[in-house]
Amino acid sequence: MEIKKAVIPVAGMGTRFLPATKSMPKEMLPVIDKPVIHYVVEEAIASGIDDIIFITGRSKRSIEDYFDDSPELESHLRQKNSDKLLKMVQDISSMVDIHYIRQKEPRGLGDAILTAKKHINDEPFAVLLGDDIIVNKTPCTKQLIDNFQKYGRSTIAVEEVPPEKTGNYGIIQGKPMDESLYILEDIIEKPDPKEAPSNIGAIGRYVFTPEILDCIKQTTAGVGNEIQLTDGIRLLNKEQKIYAYRFTGKRYDTGDKVEYVKAIIDFALGNEETKKEIMEHIKDIGL
Ligand code: G1P
C-alpha cells in the first residue's frame, strides 16, 4: 500500500532556543535561506507524500503563512520584474496539500499525532518531526517507506546516539536482522544511560500502520506527564511486528544549538553562492 499522508507535529515550545523562540516557532529558524520546516516538507515530498497534516499550536501562525500565498509580496516582486524570486515564492505555496490541526494544549507527541486520526482515515502514514534535517540522496522517510512496502509493518528510523544522551531519545532494544534492520523488542522513552537497553535511538522519522492511533489512545501520561508516542509504539509492538531501521544519511537536530550551527556551516559549504567566502572565513579564523 502506498504512503501518501504525513503528520508533522510542530506544536512544541522550542525551549532549547529561547529567547529566539519566544515569538517565533523553532521550525521557522532559517538554515541559510530556508526555514528548517521547509527542508522537512521537501523530504516528505521527495518520499512520495502528497498530503501533509501539520499539528500546530498557538504562536505557530507563521508556519501557516509561510506555506500560504503571499499576494502583497508577489505583486511587489511582479512590479520589480523579479521573476526568479516570484517563482520561488509561488512554488512554496503550491508544493503540496497541507492541512492544519491545532492542538489546544501541548499534551505530548503521542497526543499531537492522535489529533490527526480523522484525517488519517485508517491508512498507513508517515510522521516527520519538525526539528531534524536529514540529508541523503534517498530521503530518510523514503527509506522507511521502502521497508514498510517490503514487510507491511511500521518502521521507525534509528541511529546510534552518544551513550550519555539516551535521555533525549526513545531508545530501542532490537533483534538485528541485517546490518541496518532490527525487529523491535522494546522501546523506552528517554531512559537514564544506566537503564538504557542500548544506545540506538529513534530519531524523528516514522512510518506507521493506522493501528498505532488506537494504541496511542490507550496510553496514559508517561515521561514528563505527557502522552508519549513511544508508549503507543510499545503497545503496538504487542500486536504487530515493528521494524527499526538504521537509516543512511546525515542528521542535524536543529533544535540543538551546536547541531544547528553545524547544519548552517555544512549547508553554506554546499551552496555555490556562499561556499567560497565561507571557506575563506574559516581559513581566516585559523580553523
Ligand atoms: C521525541 C520522541 C523520542 C524521539 C525524539 C527524536 O522526543 O518522544 O522518542 O527519540 O523525539 O527527536 P522530543 O525530542 O520531542 O523530546
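Everything here concerns the structure above.
None of these values were measured; they are calculated from a predicted model. (Residues numbered from 1 in each chain as written. Predicted model: local features only at pLDDT ≥ 70, side-chain atom pairs only at ≥ 80, totals over all residues. Heavy atoms only, no water.)

(A) Just the overall build of the protein, in detail. When helices and strands are tallied, the protein shows eleven helices and 13 strands. Here the C-alpha atoms of the protein give a radius of gyration of 19 Å, agreeing with the 19 Å that 2.2 N^0.38 yields for 287 residues. If one aligns the C-alpha atoms of the protein with their principal axes, the spans along those axes are about 60 × 50 × 40 Å. Within the protein, the fraction of its 287 residues that count as buried is 47%. Counting every atom, the protein has about 15,000 Å² of accessible surface; 50% of that belongs to carbon and sulfur. Averaging the locations of the 39 positively and 47 negatively charged side chains of the protein gives two centres separated by 2 Å. (Helix = DSSP H or I, 4+ residues; strand = E, 2+ residues; numbered from the N terminus. Rg over C-alpha atoms; globule rule 2.2 N^0.38 Å. Buried < 20%, exposed > 50% of the residue type's maximum accessible area, 1.4 Å probe, protein only. Areas by Shrake-Rupley, 256 points an atom, 1.4 Å probe, with all protein chains shown as cover. Lys, Arg positive; Asp, Glu negative; His and termini not counted. Charge placed at Lys NZ, Arg CZ, Asp CG, Glu CD.)

(B) Molecular detail of the packing of helix H10 (residues 257-269) against helix H11 (residues 275-284). As a packed pair, H10 and H11 sit with axes 8 Å apart at the nearest point and diverge in direction by 125 degrees. It follows from the interaxial angle that H10 and H11 lie oblique. Mapping the contact onto sequence places Ile265, Ala268 and Leu269 in H10 and Lys275, Ile278, Met279 and Ile282 in H11. Of the residues contributing to the contact of H10 with H11, the split by class is six nonpolar, no polar and one charged. (Axes fitted to C-alpha atoms, helices over the stretch in contact; angles between N-to-C directions. Parallel < 35°, antiparallel > 145°, perpendicular 65-115°, else oblique. Contact = heavy atoms within 4.5 Å. Nonpolar A, V, L, I, M, F, W, Y, C, P; charged D, E, K, R; others polar.)

(C) Up close: the site of the ligand. Around the ligand sit Leu109, Leu129, Tyr169, Gly170, Glu189, Lys190, Ala202, Ile203, Gly204, Tyr206, Gln228 and Thr230, and that is every residue in its neighbourhood. At a separation of 2.8 Å, an oxygen atom of the ligand approaches a polar backbone atom of glycine 170. Here an oxygen atom of the ligand and a side-chain polar atom of glutamate 189 are 2.7 Å apart. Look at the ligand: alone it shows 380 Å² of surface, and the protein chains cover 75% of it. Looking at which element gives the most residues to the shell around the ligand, the answer is strand E11 (residues 200-208), with four residues. When its residues are assigned to classes, the shell around the ligand shows six nonpolar, four polar and two charged. (Near = heavy atom within 4 Å. Polar contact = N/O pair within 3.5 Å; in protein donor to acceptor, adjacent residues only side chain to side chain.)

(D) Representation of unusual backbone geometry within the structure. Residue proline 19 follows leucine 18 across a cis peptide bond; omega there is 5 degrees. Relative to the assigned elements, proline 19 resides in the loop between strand E1 (5-9) and strand E2 (30-31). Positive phi, normally seen in glycine, also occurs at isoleucine 32, with a value near 60 degrees. The topology assignment puts isoleucine 32 in the loop between E2 and strand E3 (34-35). For isoleucine 32, a relative accessible area of 33% puts it in the partly exposed group. The residue serine 59 is not glycine, and still its phi comes out positive at about 65 degrees. Tracing the backbone through its elements, the reader meets serine 59 in the loop between strand E4 (51-56) and helix H2 (61-66).

(E) Quick peek at the nonpolar core. Counting residues in hydrophobic clusters, the biggest one holds 36 residues, and the most contacted among them are Ile8, Ile37, Ile49, Ile52, Phe54 and Phe67. Counting only elements with at least two residues in this core, the list comes to E1, helix H1 (36-46), E4, strand E6 (125-128), helix H7 (140-151), strand E10 (181-189), E11 and strand E12 (243-246). Among all residues touching isoleucine 49, those that are not within four sequence positions of it are Ile3, Lys4, Lys5, Ala6, Ala44, Val96, Ala126 and Ile145. (Core = buried A, V, L, I, M, F, W, Y, C linked by side-chain atoms within 4.5 Å.)

(F) Broad picture of the side chain of aspartate 186. As for its placement among the helices and strands, aspartate 186 is situated in strand E10. Within the structure, the side chain of aspartate 186 is placed 2.9 Å from the side chain of arginine 234, a separation counted as a polar contact. Apart from residues no more than four positions distant in its own chain, aspartate 186 is found in contact with Ile171, Ile172, Gln173, Arg234 and Asn237.

(G) Geometry of the side chain of threonine 166. As for its placement among the helices and strands, threonine 166 is situated in the loop between strand E8 (155-160) and strand E9 (170-176). Polar side-chain contacts of threonine 166 include one of 2.9 Å to the backbone oxygen of proline 191. Setting aside its immediate chain neighbours within four residues, threonine 166 contacts Ile171, Lys190, Pro191, Asp192, Pro193, Ala196, Ser198 and Asn199.

(H) Main features of the pairing of E6. The alternating pattern of E6 places Phe125 and Val127 on one face and Ala126 and Leu128 on the opposite face, and all of these are buried. Of the pairings in the sheet, the one linking E1 to E6 comprises two bridges and is parallel in character. Bridge pairing in E6 places alanine 6 opposite alanine 126. As paired elements, E6 and E11 share four bridges and run antiparallel to each other. Of the residues in E11, the one forming a bridge with phenylalanine 125 is phenylalanine 208. (Pairing = 2+ DSSP bridges.)

(I) Region of interest: the pattern of salt bridges. Throughout the structure, instances matching the rule amount to 19 salt bridges. The salt bridge partner of glutamate 159 is arginine 251, with a shortest N-O separation of 2.9 Å. In this pair, glutamate 159 is assigned in strand E8 and arginine 251 in strand E13 (residues 250-253), connecting sequence segments 92 residues apart. Using a relative accessible area of 9% as the deciding quantity, one classes arginine 251 as buried. Between arginine 234 and aspartate 186 there is a salt bridge; the shortest N-O distance is 2.9 Å. One end of the pair, arginine 234, is in helix H9 (residues 229-239); the other, aspartate 186, is in strand E10, with 48 residues separating them in the sequence. Among the charged side chains, a salt-bridge network with shared partners connects Arg16, Lys26, Asp131 and Asp253. (Salt bridge = Lys/Arg side-chain N within 4 Å of Asp/Glu carboxyl O.)

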